[in-house]
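So you can see what is in the structure, the chains are spelled out below.
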Amino acid sequence: MERKDVVQALETALTDVLERPVTGLRGEIRLFDDLHLDSTTMLEMLMALEDSIGLVVDPEELDVDDFESVDTFTDFVLSGPLASASSSASSPASPSSSASAFAA
């Protein structure tokens, strides 16, 4: 998977989660500050990406710094394991355990 594929999947996931069009994401765009995401929308975005691109998320590995910008999130996705989107081996992140990574 290439960076442009991750960004495109991110745009699709954010469009669904935020219920408004999200297009033209650039690397420097900050997910929390510029797009006004919160811990709930971030978790919904992660779950959407688990379904669409097979992103495998270990709640113990989550670090809020990975979610600072489109670039840092893309690096996070590309550095982690991706299962096939149809794989049943990936387990969704538990909202109760994942939310702590995003708590302010």
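Here, the structure is the one placed above.
Residues numbered from 1 in each chain as written. Predicted model: local features only at pLDDT ≥ 70, side-chain atom pairs only at ≥ 80, totals over all residues. Heavy atoms only, no water.

Caption draft 1: Highlighting the pattern of salt bridges. Summed over the entire model, instances satisfying the criterion amount to six salt bridges. Arg3 is the salt-bridge partner of Asp71, the closest N and O atoms lying 3.2 Å from each other. Linking Asp71 in helix α3 (residues 70-79) with Arg3 in helix α1 (residues 3-18), this pair joins segments that are 68 residues apart in sequence. The partner of Asp34 in a salt bridge is Arg30, and the shortest N-O contact between them spans 2.8 Å. By relative accessible area, which is 34% here, Asp34 ends up partly exposed. In this structure, a network of salt bridges that share partners links the residues Arg3, Asp71 and Asp75. (Salt bridge = Lys/Arg side-chain N within 4 Å of Asp/Glu carboxyl O. Helix = DSSP H or I, 4+ residues; strand = E, 2+ residues; numbered from the N terminus. Buried < 20%, exposed > 50% of the residue type's maximum accessible area, 1.4 Å probe, protein only.)

Caption draft 2: View of the side chain of Ser69. Mapped onto the secondary structure, Ser69 falls in the loop between α2 (39-53) and α3. What makes Ser69 buried here is its relative accessible area of 10%. Reaching out from Ser69, the side chain makes a polar contact with the backbone oxygen of Gly27 at a distance of 3.5 Å. Apart from the residues lying within four places of it in its own chain, the contact partners of Ser69 are Gly27, Glu28, Ile29, Arg30 and Leu31. (Polar contact = N/O pair within 3.5 Å; in protein donor to acceptor, adjacent residues only side chain to side chain. Contact = heavy atoms within 4.5 Å.)

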